[in-house]
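# Structural features, examined
Here is what each chain is made of, one letter per residue.
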Amino acid sequence: MLSLETRIGALALKNPIMPASGTFSEDLADVLDLGALGAHVTKTVTSETRNGNPTPRVCEVRGAMLNSIGIPSKGVAHFLDHVVPFYSQFDVPLIVSISAGTADEFARTCAALDVPGVAGIEVNISCPNLEEDGKAFAMRPSTTEAVMQKVRGATALPLWAKLSPNTGETTEVAQAAEAAGADALVVCNTLLAMAIDVETRRPTLGNLMGGLSGPSLKPIALRMSYQCANAVDIPIIGCGGISTVEDVVEFLIAGATAVQVGTATFIEAGIMERLIADLRAWMQAHGVSSVADLVGSVRDQEAGDGMLLAEGVS
Amino acid sequence: MLSLETRIGALALKNPIMPASGTFSEDLADVLDLGALGAHVTKTVTSETRNGNPTPRVCEVRGAMLNSIGIPSKGVAHFLDHVVPFYSQFDVPLIVSISAGTADEFARTCAALDVPGVAGIEVNISCPNLEEDGKAFAMRPSTTEAVMQKVRGATALPLWAKLSPNTGETTEVAQAAEAAGADALVVCNTLLAMAIDVETRRPTLGNLMGGLSGPSLKPIALRMSYQCANAVDIPIIGCGGISTVEDVVEFLIAGATAVQVGTATFIEAGIMERLIADLRAWMQAHGVSSVADLVGSVRDQEAGDGMLLAEGVS
Amino acid sequence: MTVLDAAVKADESVGRFTAFTRDTIVKSNEAVNGDYRLLVVSAPEEILNCTPGQFFHLLCPSEGADHPYLRRPMSIYGYDRARGELQFLYKVTGAGTRGLATLTPGAQLNVFGPLGRGYSIAPDHSRIMLVARGVGLATLAPLAQQARDQDCELVAVCSARSPDMLLSVDLFRDMGAKVITLTDAEGTSGTQNLQHVIEAEVEGQGVDAFYTCGSNRILRLLQTLSRRFDIPGQIALEQQMACGLGMCQCCVRSFDRGGRFVQERVCREGPVFDLQEALSC
Amino acid sequence: MTVLDAAVKADESVGRFTAFTRDTIVKSNEAVNGDYRLLVVSAPEEILNCTPGQFFHLLCPSEGADHPYLRRPMSIYGYDRARGELQFLYKVTGAGTRGLATLTPGAQLNVFGPLGRGYSIAPDHSRIMLVARGVGLATLAPLAQQARDQDCELVAVCSARSPDMLLSVDLFRDMGAKVITLTDAEGTSGTQNLQHVIEAEVEGQGVDAFYTCGSNRILRLLQTLSRRFDIPGQIALEQQMACGLGMCQCCVRSFDRGGRFVQERVCREGPVFDLQEALSC
Ligand SMILES: Cc1cc2nc3c(=O)[nH]c(=O)nc-3n(C[C@H](O)[C@H](O)[C@H](O)COP(=O)(O)OP(=O)(O)OC[C@H]3O[C@@H](n4cnc5c(N)ncnc54)[C@H](O)[C@@H]3O)c2cc1C
Ligand SMILES: Cc1cc2nc3c(=O)[nH]c(=O)nc-3n(C[C@H](O)[C@H](O)[C@H](O)COP(=O)(O)OP(=O)(O)OC[C@H]3O[C@@H](n4cnc5c(N)ncnc54)[C@H](O)[C@@H]3O)c2cc1C
Ligand SMILES: Cc1cc2nc3c(=O)[nH]c(=O)nc-3n(C[C@H](O)[C@H](O)[C@H](O)COP(=O)(O)O)c2cc1C
Ligand SMILES: Cc1cc2nc3c(=O)[nH]c(=O)nc-3n(C[C@H](O)[C@H](O)[C@H](O)COP(=O)(O)O)c2cc1C
Ligand code: FES
Ligand code: FES
């Protein structure tokens, strides 16, 4: 009786595979059955309309990509009128990613989206804090806590805090989000990076710098997922570079309860559907009957191979 | 009159290519002419002998590697007796990388290495601060400044501070190092990461987590090099994932005055010699006669392609 | 990256889905003149439900030091359902197209599509004109067949360095189009002369719509003539792409919608846009 | 990764340098029995200055989803300066060796070496014994030739599942060694019997030194016998490697040097170590 079900707090997902914000939209219905996914996670939306960053907005680097899309947004009103109704046709939890420049605006945006059809809010705190030095909220525990407290006060919906790899305080930020009432953590967003065209000497992104995503990010996101799973008691949703079923399983073993797939969808549009099938096959082949049997099953006490008994160095 | 010469403060290097600490030793003389390199940078040494981390100490991930070697060290005394004399046969500046658990021990180690034959000290502040919460000195401006001030007081030799990518405060750390008297910044060390063998469910490194190096690190190290070059007035030495002459040129354009080559040497032992030749050829082909003409020549004011004139979103 | 050939699911998915990831087999891949190569692949039926102006997103093979990671967008140069064939005409410019150029007959090429919104010929139009230069011909070529299928006369104004356009010229003639060639070599491809040629057609037998792609110079000229003669038009644009499907918003360009700038996704709202709304750059 | 074939510099570098990065050409690469494959490459002279027990660090090709990034260490199974030939005997276990297995005659294989410290036969030794099991034979094989070159008698005790060892047995016989085969199939490969066999040789014609590699069981037995009979020995060990040259310190293992544990680099101080100092694990 193999089951792919998993739970993120109050939310039951039919399987642990969902899209990452900004790499998914209604348009994917042209390619696969959106009803098959564990959850739907929409592109980050802001309360007002926004333009996003100058083009070029993406470039590729060795085995990965950079993006500086920014958060072009048609605003919450448009989102409520056009996007939420679209997803209501599916029996899949709809998670809406939001962003804002201040904690209060986060709360207002969150409240406006607390409507039937929205199953949860993903709080994208990787955006600049406009009231302080412009550093992303997710870079510090204090600013993370400030935002999460405000949004917690604004809704009873499940709240997922999306962490950033651009910090030296991963576990502190995770704990701050938990303390402020987050129901789960999404680990993680893109990592700030850059590339320059050596022929033109121009940065390859219009915005100079952008976020690294894809396979190169995986070992970093996996480390952060493991650290967070050990630092908090709320579920972790792994995200970063996932493109094979082994990647999915690796995140689950590290402590994630579900995963998000981003950039891989750009390379193979139907990949999420395939990963669901592959995960079932992997579990069958390995005699694992439930996702919960994988989650956090890392044998971290048995890491060393015991070959070093050194008291001195030759 | 093409010249590969470059200057790092008081030090004149015959070319901008040097090894990264921990990926180089006397043993490379079996393979190439060590006299051809721009500088020699030794594996981090501590004052006392140390064992390093349990094995397995390395593993590979997609297009990159993780290591948790740690700092096995035979101590400063052994270093002075055996290593410094070896390098004195070459007309190449010898840069000694040091580490310690406290700022005072950093200073003592530095003072002990201020001997003829040593041309500069690379201060590897990516090691845990034993007096505070165990976080690496390089993760915060305050701890960076504390160490750099002490070592500055201990020697008149050129001091290079080696920054870590595991921080959300890259420019603040860079400025702290400069303020405390660093003569140059090496940007950067490895990025904390992890991998798990899904069959055994064991972490693939004996030490659970380790540092990511190789091509995947490049866009991150390049971003940091660019940020630092804009934040401080001392030279930047780029490091991270460099394996082609285009990589070298990209770092120079971003603002680095020289580069360090690490992991690439494991794949192609003679790569540094080749990069020196390739750089000469590249400069020739591009009509560039001196390294200084490349350094910091990024056209960051011309990044966008001007295709977005949006006032609204459709 | 191993990509599942989902052909097994083809039956149930056709109709419901519009874009497909499929492994195709290279039939030929030859240089057709100085800069361009013609790639012909055999493709399953479900991906051949194409409209001229649409594109495929190609997973280009790695070769040597080149490791193209993202897919590369490529206009449909030709599609033939009966023969199960798909064609691309491309110019080798970087890692991805260098990879394409290494494909030999029998090799696999993974394609994703058809994608985007193509050209349309209004049912009441009986004489249309396409104006193309260089690799733009690749995008406009299938319009000739469409015009013939709709019993619409076509005037193809082809501008190029002398020998480059020959392939498409033959193709256009085969489709019964009136072909006017303007070449740098003969000094006939300048804007002035191009304008005269177009005006002569408009004022002579008449033109119901303009079709073009790419070149800024041609865009500006056609916009002027289109306004002056009140002739509608369509243009196919290019922009860097990641997803190709409308999800990532990387491929936006600005358009002038009645004096207001709006952003649209080239992969989704385009690549074919209204001639007047397009902005040259 | 394109690796420079630095053959042009070969002349000036030989003598001065001891390890070289070179592209070799595959002559053959065939399964020799159930688990093992024999890879023969033609190699330039400067890299054939080998000692038995040394290894090369191989840049294994990518194949499908496998992208081996680091090099893979592989013992020298055979080297022949006159024929310009280098041989490896390997077992397919993961991404790197799967890649090796795809190599066909004519393909290039980039190798780095020879590396490490090999076995040595003391000038005053006249009868030595090697004890090997499984793929360990790959490492010990070239010792037979060395023994013959030094006019030293060799007893080769080869333990294996029945058919696996045949290749090396023939090789040892060709080199004039006395070969004793012990197999699981015949029930002769147990520790007890192995001990009897070795004791018989030691107490019979005598043995001046033991040589082995790999297996913990054999290591422990040989350490006991070596102490009891005061016979020196050498063992080749394995450990994961990155640089292969001594720079990265990832390949360390612990050794017992007179009751004190010390760490040594398998790639540099080894892979061949003193039998008594090695620790089984
Ligand atoms: C809808 C559409 C249809 C196209 N049709 C054709 C065609 O039929 N024939 C043809 O030769 N070319 C066509 N192009 C351009 C083609 O996509 C690029 O030449 C190709 O992507 C270059 O890839 P590369 O790796 O060889 O070059 P590189 O310069 O190395 O590419 C680097 C990156 O920039 C992107 N890029 C570079 N040039 C363009 C471009 N002009 N448009 C969009 N992205 C670009 C690449 O996709 C890649 O992500 C089309 C582009 C679009 C958007
Ligand atoms: C000095 C030396 C000589 C060797 N000689 C031979 C030989 O002649 N024939 C042979 O079949 N094998 C030999 N091995 C083992 C061989 O190196 C490994 O089987 C091979 O590296 C496995 O790589 P893989 O990618 O196929 O397997 P994977 O398991 O996918 O390898 C993953 C990583 O672990 C490392 N690794 C795995 N197994 C070993 C091992 N036993 N020793 C060291 N690193 C390992 C790999 O190098 C790689 O970095 C030798 C090892 C050493 C250290
Ligand atoms: C083009 C693009 C746009 C993205 N937009 C958003 C966004 O709007 N909000 C957000 O929280 N994350 C965004 N992300 C980050 C992804 O959700 C994800 O965290 C990241 O890409 C790492 O996962 P991956 O390696 O699987 O892509 C975006 C990523 C990409 C590549
Ligand atoms: C095996 C290994 C050991 C290292 N040891 C050290 C060290 O002792 N001190 C240090 O400052 N950096 C050390 N580093 C980091 C490198 O110097 C370099 O900063 C990093 O690897 C990024 O460069 P690369 O991608 O070119 O390897 C080590 C890296 C590796 C791979
Ligand atoms: S390429 Fe992703 S939206 Fe157009
Ligand atoms: S493999 Fe690098 S020191 Fe041995």
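What counts, and where the lines are drawn
Residues numbered from 1 in each chain as written. Chains lettered and ligands numbered in written order. Predicted model: local features only at pLDDT ≥ 70, side-chain atom pairs only at ≥ 80, totals over all residues. Heavy atoms only, no water. Least-squares fit on C-alpha atoms with pLDDT ≥ 70 in both. Contact = heavy atoms within 4.5 Å. Axes fitted to C-alpha atoms, helices over the stretch in contact; angles between N-to-C directions. Helix = DSSP H or I, 4+ residues; strand = E, 2+ residues; numbered from the N terminus. Parallel < 35°, antiparallel > 145°, perpendicular 65-115°, else oblique. Left-handed = near helix turned anticlockwise from the far one by under 90°. Nonpolar A, V, L, I, M, F, W, Y, C, P; charged D, E, K, R; others polar. Salt bridge = Lys/Arg side-chain N within 4 Å of Asp/Glu carboxyl O. Buried < 20%, exposed > 50% of the residue type's maximum accessible area, 1.4 Å probe, protein only. Pairing = 2+ DSSP bridges. Arc of directions from axis to C-beta. Domains from an automatic or database assignment. Buried area = accessible area lost by both parts, 1.4 Å probe. Polar contact = N/O pair within 3.5 Å; in protein donor to acceptor, adjacent residues only side chain to side chain. Near = heavy atom within 4 Å.

### Notes on the relation of the copies chain B and chain A
With an RMSD of 0.0 Å, the operation that places chain B on chain A is a rotation of 180° combined with a shift of 0.0 Å along the axis. Put plainly, the chains are arranged around a two-fold axis. Take the interface residues of chain B: 100% of them recur as interface residues in chain A, which is what a same-surface contact looks like.

### A look at the packing of helix α6 (residues 245-254) of chain A against helix α8 (residues 271-285) of chain A
Residue and element names in this part refer to chain A. Contact geometry for α6 and α8: axes closest at 9 Å, N-to-C directions at 70°. By the criterion of interaxial angle, the relationship of α6 to α8 is roughly perpendicular. Read as a crossing pair, α6 and α8 show a hand that is right-handed. Where α6 approaches α8, its residues V245, E246, V248 and V249 are matched on the opposing element by L275, D278, L279 and W282. The residue inventory of the contact of α6 with α8, partitioned by class, reads six nonpolar, no polar and two charged.

### What to know about the pattern of salt bridges
A full pass over the atoms with the stated rule returns 50 salt bridges over all chains. As a salt-bridge pair, R257(C) and E264(C) come within 2.3 Å of each other at their nearest N and O atoms. The salt bridge involving E201(D) is made with K178(D); its shortest N-O contact spans 2.5 Å. A residue pair is termed long-range when its members are at least 10 positions apart, and E201(D) in helix α5 (residues 191-203) and K178(D) in strand β10 (residues 178-183) qualify at 23 residues. A relative accessible area of 7% places E201(D) in the buried class. One salt-bridge network, in which partners are shared between bridges, spans D27(A), D30(A), R265(C), R268(C) and E269(C).

### A short note on unusual backbone geometry
Residues V187(A) and C188(A) are joined by a peptide bond in cis, for which omega reads 15°. Looking along the chain, the bond that leaves G270(D) and enters P271(D) is cis, with omega of 10°. With respect to the helices, strands and loops of the structure, P271(D) is situated in the loop between β14 (260-265) and β15 (272-274). The phi torsion at L208(B) lies on the positive side, around 70°, for a residue other than glycine. Along the chain, L208(B) turns up in the loop between β15 (202-203) and β16 (209-213). Residue classification places L208(B) among the partly exposed positions, given a relative accessible area of 21%. Of note in the backbone geometry, D151(C) takes a positive phi value of approximately 55° without being a glycine. Of the residues examined, D151(C) reaches a relative accessible area of 71% and is grouped as exposed.

### What about the sheet that holds strand β11 (residues 209-213) of chain C?
All names here are of chain C. Taken in spatial order, the six strands of this open sheet run β10-β9-β8-β11-β12-β15, and their pairing is mixed. The strands lining the two open edges of the sheet, one partner per strand, are β10 (178-183) and β15 (272-274). For this sheet the average axis-to-axis angle between neighbouring strands, irrespective of direction, equals 20°. Relative to strand β9 (residues 153-160), strand β8 (residues 127-133) runs parallel, the two sharing seven bridges. The residue bridging A132 from the neighbouring strand is C158, located in β9. Against the sheet, helix α5 (residues 191-203) contacts β8, β9, β10 and β11, and its axis sits at roughly 165° relative to β10.

### As for helix α4 (residues 170-179) of chain A
What α4(A) keeps buried is the set T170(A), V173(A), A174(A), A176(A) and A177(A). Buried residues of α4(A), viewed axially, fall in a sector of 160°; they line one side.

### Structural notes on the domain arrangement of chain C
Residue and element names in this part refer to chain C. Annotation of chain C at the domain level lists domain 1 (3-115) and domain 2 (127-274). On a C-alpha basis, the centres of domain 1 and domain 2 stand 23 Å from each other. Counting the surface lost from both domain 1 and domain 2, the interface buries some 1800 Å², and carbon and sulfur atoms represent 63% of this. Of all residues in domain 1, the largest losses of buried area upon contact with domain 2 belong to Y36, P52 and Y77, amounting jointly to 30% of the total for that side. Linking domain 1 with domain 2 are zero salt bridges. On the surface where domain 1 and domain 2 come into contact, there are two residue pairs in polar contact (both at pLDDT 80 or more). Residue assignment for the side of domain 1 that touches domain 2 shows that the elements contributing at least two residues are β3 (55-59), β4 (72-75) and β7 (108-115). Each residue belonging to the side of domain 1 that touches domain 2 can be placed in one class, and the counts come to twelve nonpolar, five polar and two charged.

### Things to note about the site of ligand 3
Around ligand 3 there are 24 residues in total, and S21(A), T44(A), K162(A), G241(A) and T263(A) lie nearest to it. This site is not confined to one chain, since residues near ligand 3 come from chains A and C. Here an oxygen atom of ligand 3 and a backbone polar atom of S21(A) are 2.7 Å apart. At a separation of 2.7 Å, an oxygen atom of ligand 3 approaches a polar side-chain atom of K162(A).

### Here's the deal with the interface of chain D and chain B
Each partner contributes residues to the interface: chain D has 32 residues there, and chain B has 34 residues. When chain D packs against chain B, close to 2800 Å² is buried across both sides, 57% of that on carbon and sulfur atoms. For the pair chain D and chain B, the interface holds five salt bridges. In this structure, R72(D) engages E60(B) in a salt bridge whose closest nitrogen and oxygen atoms are separated by 3.0 Å. The class makeup of the residues in the side of chain D that touches chain B is 17 nonpolar, nine polar and six charged.

### A look at the interface of chain B and chain A
Of the residues lining the interface, 71 residues belong to chain B; the matching set on chain A comes to 71 residues. Three residues, M194(B), V198(B) and R201(B), lead the burial of chain B against chain A; their summed loss comes to 13% of the area buried on that side. Scanning the region where chain B abuts chain A turns up two salt bridges. Among the salt bridges present, the one from K135(B) reaches E172(A), with a minimum N-O distance of 2.8 Å. On the surface where chain B and chain A come into contact, there are 28 residue pairs in polar contact (both at pLDDT 80 or more). Mapped by element, the contributors of at least two residues to the side of chain B that touches chain A are β8 (73-74), β13 (191-194), β15, β16, α5 (218-231), α6 (245-254) and α9 (291-294) of chain B. Tallying contributions element by element places α5(B) first for the side of chain B that touches chain A, with six residues. Along the lines of polarity and charge, the residues of the side of chain B that touches chain A split into 34 nonpolar, 18 polar and 19 charged.

### Description of the pairing of strand β1 (residues 20-31) of chain D
Residues and elements named next belong to chain D. As paired elements, β1 and strand β7 (residues 108-115) share six bridges and run antiparallel to each other. Counterpart to T24 in the pairing with β7 is L109. Of the pairings in the sheet, the one linking β1 to strand β2 (residues 36-42) comprises six bridges and is antiparallel in character. Along β2, the bridge assignment pairs S28 with V40. The loop that links β1 with its antiparallel partner β2 comprises four residues.

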